[in-house]
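Structural characterization, general
Residues per chain are reported as follows:
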Amino acid sequence: MQEDSLELDQVRKELAYYKAQVDQLAGNTMKDQYGLAQLSYDHSQLMKGFQIIADIQRSFNAFTSPDALYRSVLDAILSNMSTDKVVMLMPDYAKMNLKPNLWRGYSQEESSVFAAVEIPISMAFSKEKKSHLVNSQIEPTKFEKQLQQLLGAPYFVFTPLHNDGKLWAALFAGRNYENRLLSTKSYSQSSVDTFESIAGMISSFTQQLEQNKLMEKERIRIARDMHDDVGSELSKISIACENIKKQYPSDLELRNHLSNVQTAAGKLVDNIGNIIWALNPINNNTISLIGYLREYAYDYLEMNQLALDFDAPELSVDHPIRHEARTHIFMVIKEALHNIVKYADATKVNINVILKDNSISCEVSDNGKGFSKTDQRNFGNGLRNMQQRISETGGAFSITSAYGKGTRVSLEVPI
């Protein structure tokens, strides 16, 4: 009986040993699964962050202000980065605090209170380019507890945006809870890296938008000065020539010279009008471009007694277009029309404009005498300049021609 009891104890010990081994093995397996899930999740979030950056970069030309950029970034983060709340904050250095500028993920009731939130700027946060990370394993600091309370998310990544060593904004991405399931992991250092990459992109694009705004102001100033000063003086020259012609009605040689001066002044006024249109950023849209192309082509070809068939979409919704793209498209088509008038011996010109989602294509063709590759060299600089202009926009340019079959100039430019 005693022996049976000893054997039973031994069996129990052995079972306990094996159970411990199984538990340890199971624990290691779960730990490995957790680690793999965390790695997979971090990789997924990093890829989504890069995708956000790539998408914003592709659509950058559509942003006309920093706020439009921020709204797009916040929407993308909330949709793709496993966050419940995301906020863009701006500093008020007079009060040394941060105030919400734009936010997503807050209820209407929260937003009404949230708009008045002020967060004291931590000196470390202001001076150092260091993000704050809070998850379920990290005990928050006093400053981080303030963020939890004021921004309404217990787990978060809070990232500073610096420019020239100065804090100019902050990006907050928070969660209301952290699911411990393997499929949804917590914020980690990898999350910090991802949001800092997005913050860097925001800083870079904001600076570029501000530079674009300064360039637009300068273009407006130059266009205004050209119109008021140069255009006015050329008009005075033309009027003076006409008055002199009236004073000397019998001097035919003088009148011919004055007429030549008037013609040159008139051409300069027309060219200045083209330059003013090209400089003015208010025309950075497809409706303005197509309308100006149509007007210029009809006027120029009618003056040179050529028929025109202009085919372009009637736009009910406008689309923004880069200043460089708009200007280069117009200058290339202007050069193509000039070549037709000067060299082609044509009677009719066709212009076809097609607007796509992210690009605009134009085709200019004529029924003239055409030319060979050997003749093409005679046009030298003009054709090279056309190619160079379209190349600078990142677009594609081609020209095809043959004797007796006219000439076709084609271009496609990203907008």
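Summarised in this report is the structure supplied together with it. (Residues numbered from 1 in each chain as written. Predicted model: local features only at pLDDT ≥ 70, side-chain atom pairs only at ≥ 80, totals over all residues. Heavy atoms only, no water.)

Turning next to the sheet that holds strand E6 (residues 166-175). Overall, antiparallel pairing links the 6 strands, which are arranged E3-E2-E1-E6-E5-E4 in an open sheet. Either end of the sheet is taken by a strand with one partner, and the two such strands are strand E3 (119-120) and strand E4 (132-134). (Pairing = 2+ DSSP bridges. Helix = DSSP H or I, 4+ residues; strand = E, 2+ residues; numbered from the N terminus.)

Within the structure shown, the criterion is met by 11 salt bridges. Across the pair Glu118 and Lys99 runs a salt bridge whose closest N-O atoms are separated by 4.0 Å. Here Glu118 is found in the loop between helix H3 (108-114) and E3, whereas its partner Lys99 is found in strand E2 (residues 97-104), with 19 residues between them in sequence. Members of the salt-bridge network, linked through shared partners, are Lys95, Lys99 and Glu118. (Salt bridge = Lys/Arg side-chain N within 4 Å of Asp/Glu carboxyl O.)

A few words on the sheet that holds strand E8 (residues 348-355). Judged by pairing direction, the sheet is mixed, and its 5 strands sit side by side in the order E7-E8-E9-E11-E10 without closing on themselves. Edge positions in the sheet fall to strand E7 (307-311) and strand E10 (396-401), since each of these pairs with one other strand and no more. Across the sheet, the axes of successive neighbouring strands diverge by a mean angle of 10°, strand direction being ignored. Set on the sheet, helix H8 (residues 286-303) makes contact with E7, E8 and strand E9 (359-366); between it and E7 the angle comes to about 170°. (Axes fitted to C-alpha atoms, helices over the stretch in contact; angles between N-to-C directions. Contact = heavy atoms within 4.5 Å.)

Turning to the pairing of E8, a few remarks are in order. Direction of pairing for E7 relative to E8: parallel, over a ladder of 5 bridges. Paired with Leu308 across the strands is Val349, a residue of E8. The pairing of E8 with E9 spans 7 bridges and is classified as antiparallel. Its bridge partner being in E9, Ile351 is matched across the sheet by Val364. Count of turn residues in the E8/E9 antiparallel hairpin: 3 residues.

With that settled, the discussion passes to the packing of aromatic side chains. According to the stated counting rule, one finds 11 aromatic pairs in the structure shown. For the ring pair Phe143 and Phe158, a centre distance of 6.3 Å and an interplane angle of 55° mean the geometry is tilted. One end of the pair, Phe143, is in helix H5 (residues 142-151); the other, Phe158, is in strand E5 (residues 155-163), with 15 residues separating them in the sequence. Given a relative accessible area of 11%, Phe143 falls into the buried group. Between the aromatic rings of Phe156 and Phe172, the centroid separation amounts to 5.2 Å while the plane-to-plane angle is 35°, which identifies the pairing as tilted. Within this pair, whereas Phe156 is found in strand E5, its partner Phe172 is found in strand E6, the two being separated by 16 residues in sequence. (Phe/Tyr/Trp six-rings, centres within 6.5 Å; stacked < 30°, edge-to-face > 60°. Buried < 20%, exposed > 50% of the residue type's maximum accessible area, 1.4 Å probe, protein only.)

Let us look at the nonpolar core. Ile329, Leu337, Val349, Ile351 and Leu411 are the most contacted members of the largest nonpolar core, which has 39 residues in total. Of all the elements, helix H9 (residues 323-344) adds the most residues to this core, at 9 residues. Residues in contact with Ile351, not counting those within four places in the same chain, are Ala297, Leu308, Asp309, Phe310, Asp311, Leu337, Glu363 and Val364. Counting residues in hydrophobic clusters, the runner-up holds 32 residues, among them Ile52, Met81, Val157 and Trp168. (Core = buried A, V, L, I, M, F, W, Y, C linked by side-chain atoms within 4.5 Å.)

Within the secondary structure, Ser126 sits in helix H4 (residues 123-127). Distance in space between the C-alpha atoms of Ser126 and Leu161 is 9.3 Å, their sequence separation being 35 residues. Filtering out sequence-adjacent residues up to four positions away, Ser126 remains in contact with Ile121, His162 and Leu167.

It is worth spelling out a negative patch on the surface at this point. Together, Asp270, Glu295, Asp299 and Glu302 make up a region of like negative charge exposed at the surface. Residue contributions to the negative patch peak at 3 residues, all from H8. Tracing the chain through its elements places Asp270 in helix H7 (residues 252-279). (Patch = residues over 30% accessible without salt bridge, like charges linked within 9 Å, V, L, I, M, F, W, Y side chains within 5 Å. Areas by Shrake-Rupley, 256 points an atom, 1.4 Å probe, with all protein chains shown as cover. Lys, Arg positive; Asp, Glu negative; His and termini not counted. Charge placed at Lys NZ, Arg CZ, Asp CG, Glu CD.)

A contiguous nonpolar surface patch, about 280 Å² in accessible area, is contributed by Tyr93, Met96 and Met123. With respect to the secondary-structure elements, Met123 resides in helix H4. We classify Met123 as exposed; its relative accessible area is 51%.

What follows deals with H8. End to end, H8 covers 26 Å across 18 residues, agreeing with the expected 26 Å (1.5 Å per residue, within 8%). Where H8 is concerned, the buried positions are Thr286, Ser288, Leu289, Ile290, Tyr292, Leu293, Tyr296, Ala297, Tyr300 and Leu301. Buried residues belonging to H8 abut H7, E7, H9, E8 and E9. N-cap assignment for H8: the residue whose side-chain oxygen lies 3.4 Å from the backbone N of Ile287 is Asn285. Once H8 ends, the next one or two residues include Gln305, with phi positive near 60°. (Expected span 1.5 Å × (residues − 1). Polar contact = N/O pair within 3.5 Å; in protein donor to acceptor, adjacent residues only side chain to side chain.)

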